[in-house]
Amino acid sequence: MSAALGAHAPRLRLRLRNRGLDGVTLLVVPAVLFILALFIYPFLYGLLLSFEPKEGGALANYIAFFSDPFLYDTIGTTLLIAIPATLLNVVLSVPVAMRVRLMRHQKLLTAILVIPITLGTVLIAEGLLTYLGPRGWVNRVLVDFGITGSPIRLVHNYWGVLLSLVISGFPFTFLLTLSYVTGIDPALEQAGRMLGARSRARFWRIILPLLAPGLAVTTALSFVQAFSVFPSAVLLGAPAGPTRVISIAAYQAAFEAYDYSMASAIAMIMAAVQVIIVVALLAARGLLFRGPASSGKG
Amino acid sequence: MVVRPVGERLWSTCIWVLVGFFVVNLIGMIAAVVVNSFGTRWFTTWLPTGYTTRWYILAWNEFHLPDILLVTIQAVGAVVILSGIIGVPAAYAMARRDFPGKRAVMTLFLLPLLVPPITYGIPMATVLYQAHLAGSMLGVILANLVPTVPFVVLIMIPFIEQIDPRVEAAARVFGARTFRLFTQVLIPLLLPGILAALLLVLVRTIAMFELTFLTAGPTSQTLVVALYYAVFAAGVRPGQSIDAMAVVYMITTLIWLLIALRFVNPTQIVARAKR
Amino acid sequence: MTLISHSFRSLRLDRISRAFGTMRALHDVSLTVGRGEFIALLGPSGCGKSTALNCIAGLLPLTAGAIWLDDKRIDALDPEDRGFGMVFQNYALFPHMSVRKNIGFGLVSQRRPRDEVARRVDEALALVRLQDHANKLPGQLSGGQQQRVAIARAIVVEPPLVLMDEPLSNLDAKLRLEMRAEIRRIHQAIGCATIYVTHDQDEALSLADRIVVLRDGEVRQVGPPEALYARPAHADVAEFMGYRNIVPTTATLSGDFVQVTIGGATLPGIPMEPAQGPAIAAVRPEDLTVTPDGPITVCVEAAEYRGRDFYGFGRARDGSELFFRSDRRVGSGETVNLSAAADRVLVYAA
């Protein structure tokens, strides 16, 4: 009996190994468990918690959210900041990336552009408070060169938050776009030139169709980042009014009202809006060509 | 030799003006912080009326900067080491083995990088508070590991894939057992990649605001969270001392960025989401 | 749109040069290509042949010299205005467009009417025999089919000149022979002038009307394939054209021939350059054959069977290594005698 088992064991091991399961595969287990415990579980927990409100039925939190303009308006407010910021960043990134890919010393520019990403939104908020403030250099230039009579208000309102999303978001969008643009085989553009297509025609007929799938991903990621704007909306915006974004509502529910159930509901709504927009973008991407951006054999 | 048409030159000039405008404003923003942190008084002039270092002394004492720096170093150091210990073996398994459910595991690693921290941070903080882990250093470390472990995995997978598996096969043929294989063959080969990945983790974790903010207690604030609270409560203390703290924060971040840029391409910092 | 008409008499490269920094990739190259002519630019990698092609295409600006199409100077024109066809090494097919759209790209750029585009694309598809694949994407085609699409795309606009950059280098050996015949057939069918870059002598010999041998960015020899095969002008060209026996020797004049020493034996050869004193003798392995009374004696070191005959190499008494041909099987260690006809021994100045 035990002999039969002994003969079985190595065969089982062999079978598992043939399916790719052996000691090495087990190395992935700690990381998977960690993400399950601290990412997936909290998310599911939050989802369940959102249906267990402090009072009322299972949907009470969601009903409360969508019947109180102070809460549901945050979706519109956030979209009003996130969509223009995303579009601006993506639309500016494409021509700049098209130009920069021809540069020989790209690394200096990309290194400069990584600085705002590295510094993070809190520092950008503090920097812009000084720089864009009524006594800052921007207003100095506007007033001293006679562009405006008196300093204009750029902080503690909508524009401050939008500008902070451009400062932190443009480098991100640009670097991602650049990596997609440089992935397009330059021989394709040369082929277009040899076939009589001028630069504008080459862009619309060759580059843009090949770039579009990557651009959809870039737009999705940029949007998700902009939609989850938090510190700059508090520090640089008007968190009680025009820049009361959805993450502020969630934060206040959790850490000021200590209503974790409501906070989870708002976090779920935030995630749902992001998912809807991302799915829409990626579905549009599915309609586009998705093959490699080079012509096969190299 | 080849003369570009006027339209094309104009277009190219426009783009450089745009890039220049962005860079000038970026530098202006940083310079404004630095200048203000050294200025005595700065009202309606281009530059402050005088210069001083007293804001730094004030910030050092008032904001408990030594404590905060110590917390930051401890938290970031722990995150860097732990994400390496958990992430690198996982990346090795992902790069070298094809197992059922690998795509699902890959998606699992991508999600924490694609979902913004504030979205998953609130439910995660809730769970950590319920488990009495939040509000302490441990909570901050655990929360920060959520994006950094997958980050290390995704950076390391292509790096491991480009190492020829025949090198390992050769080592096995010559009788190296798994442990020796790891210490004497793999680690030296992987070291440049690990170094680059961990440097990027370091830079990202110093600047990671949302997750730390949601899970830190009074004694486990890192520099970026302390900076947030200082700016939030602006008016309580002179603005120059907040900017002094911001400069200290910038220096800690940018030094590591400079070191990291010697080893990695800047685009790697963002290109994580490319499949 | 295209500024250049299809009918032309000649394309003239007038001392064109291209430098990258201090590196001279192309130096003082002059060449005239006649209407309908098939020219091969041949040379080892790094010889400047692809640079030359890109300069003609306009993808690289010249640093000196001029390019003339009949009496029109074209070297300042953008590639899109030159109207040449080009076949790229990796084909550079647009991966997001069907075969039909790929082939029609140039005609659409010229803003031709839609029915004309459709008709001419159909003709081109028929010419390259891809009618059944018109609506596929390039990624769904085999290497040879992709190659045909690339050729059709280049010729459908009826360019005065077609440029081909190592078009067969990505194909396997069998397909390469097939496509070689295909290129010859298409060239004969449409008869447009072609400049073809390759590093493969066989390809150049079998396709070209004239071959231009480049080395270090300079033209070493221009001539019809027969001349390059039988009478290379310089020792380096000979070596590149398959003269594997390159023997340093001393030449002494004797009538129309010169006497040289190969493998310790004295043989007559043809002086390709005025050669007296130190010289180089070049002989193809197939022209150095095993004969019972041959003057050169070698000890065979290795031999291989190549179907009809045997090829081997051996060491002569003076220590030089020689490659030779044999009708009968020879084994290593065996001693054989070799001979070469006088007009197959080429002698160059050292």
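Residues numbered from 1 in each chain as written. Chains lettered and ligands numbered in written order. Predicted model: local features only at pLDDT ≥ 70, side-chain atom pairs only at ≥ 80, totals over all residues. Heavy atoms only, no water.

1. Some details on the nonpolar core
Move 1: The biggest cluster of nonpolar side chains holds 231 residues, and the ones touching the most others in it are Phe 109 of chain B together with Leu 11, Leu 163 and Ile 195 of chain C.
Move 2: Setting aside residues no more than four positions away along its own chain, Leu 11 of chain C makes contact with Leu 31, Thr 32, Val 33, Ile 56, Ile 67, Trp 68, Leu 69, Ile 74, Phe 84, Leu 161 and Ile 195 of chain C.
Move 3: In this structure, Ala 40, Tyr 91, Met 164 and Ile 186 of chain C belong to the second largest nonpolar core, which totals 51 residues. (Core = buried A, V, L, I, M, F, W, Y, C linked by side-chain atoms within 4.5 Å. Buried < 20%, exposed > 50% of the residue type's maximum accessible area, 1.4 Å probe, protein only. Contact = heavy atoms within 4.5 Å.)

2. A look at the interface of chain C and chain A
Move 1: Contact residues are listed per partner, giving 28 residues for chain C and 25 residues for chain A.
Move 2: For chain C, the biggest contributors to the area lost against chain A are Glu 80, His 96 and Phe 105 of chain C; these three give 26% of the whole.
Move 3: Along the contact surface separating chain C from chain A lie 4 salt bridges.
Move 4: On inspection of chain C and its partner chain A, the count reaches 8 residue pairs in polar contact (both at pLDDT 80 or more).
Move 5: Looking at the side of chain C that touches chain A, the elements with two or more residues in it are helix 2 (79–82), helix 3 (99–109) and helix 5 (143–155) of chain C. (Buried area = accessible area lost by both parts, 1.4 Å probe. Salt bridge = Lys/Arg side-chain N within 4 Å of Asp/Glu carboxyl O. Polar contact = N/O pair within 3.5 Å; in protein donor to acceptor, adjacent residues only side chain to side chain. Helix = DSSP H or I, 4+ residues; strand = E, 2+ residues; numbered from the N terminus.)

3. What about helix 6 (residues 137–161) of chain B?
Quick reminder: α-helices carry 3.6 residues per turn. Residues three or four places apart thus point the same way.
All names here are of chain B.
Move 1: Here helix 6 contains 25 residues, and its C-alpha end-to-end distance of 35 Å stays within 8% of the 36 Å for a straight helix at 1.5 Å per residue.
Move 2: Residue Leu 145 marks the point of greatest curvature in helix 6, where the axis turns by about 40°; the proline Pro 147 follows within four residues.
Move 3: Along helix 6, 20 of the 25 residues are buried, which leaves the element largely enclosed by surrounding structure. (Expected span 1.5 Å × (residues − 1). Bend = angle between axes of the 7 residues up to and from the residue.)

4. A look at the pairing of strand 8 (residues 193–198) of chain C
Residues and elements named next belong to chain C.
Move 1: The element strand 8 is extensively covered by neighbouring structure, given that 6 of its 6 residues are classed as buried.
Move 2: As judged from the 5 bridges shared by strand 3 (residues 38–42) and strand 8, these two strands associate in the parallel manner. Considered in strand 8, the bridge of Ala 40 is made with Tyr 196.
Move 3: Bridge count for strand 7 (residues 161–165) against strand 8 is 5 bridges, and the pairing is parallel. Looking at the pairing, Leu 163 lines up with Ile 195 of strand 8. (Pairing = 2+ DSSP bridges.)

5. Looking at the sheet that holds strand 3 of chain C
Residues and elements named next belong to chain C.
Move 1: Strand order in this open sheet of 6 strands is 6-7-8-3-9-10, and the pairing throughout is mixed. Only two strands of the sheet have a single partner each, and these edge strands are strand 6 (85–87) and strand 10 (218–223). When the angles between neighbouring strand axes are averaged without regard to direction, this sheet yields 15°.
Move 2: Across the sheet, helix 1 (residues 49–57) lies against strand 3, strand 6, strand 7, strand 8 and strand 9 (210–215), angled at about 150° from strand 7, the strand it touches most.
Move 3: Along the sheet, helix 5 makes contact with strand 6 and strand 7, crossing strand 6 at roughly 170°. (Axes fitted to C-alpha atoms, helices over the stretch in contact; angles between N-to-C directions.)

6. Remarks on the sheet that holds strand 20 (residues 346–349) of chain C
All names here are of chain C.
Move 1: One closed barrel accounts for 5 strands, arranged 11-12-13-20-14; its pairing is mixed. Sheet twist, expressed as the average angle between the axes of neighbouring strands with direction ignored, equals 50°.
Move 2: Where strand 11 (residues 245–254) lies against strand 12 (residues 257–262), 3 bridges are found, and the strand directions are antiparallel. Within strand 12, the position partnered with Leu 253 by the bridge is Val 258.

7. Quick word on the interface of chain B and chain A
Move 1: Between chain B and chain A, the contact holds 91 residues from the first and 87 residues from the second.
Move 2: In total, chain B and chain A occlude about 7,800 Å² of area from one another, counting both sides; carbon and sulfur atoms represent 81% of this.
Move 3: Taken together, chain B and chain A are joined by 0 salt bridges.
Move 4: Scanning the region where chain B abuts chain A turns up 7 residue pairs in polar contact (both at pLDDT 80 or more).
Move 5: It is helix 1 (residues 6–38) of chain B that provides the largest number of residues to the side of chain B that touches chain A, a total of 20 residues.
Move 6: Grouping the constituent residues of the side of chain B that touches chain A by class yields 72 nonpolar, 12 polar and 7 charged. (Nonpolar A, V, L, I, M, F, W, Y, C, P; charged D, E, K, R; others polar.)

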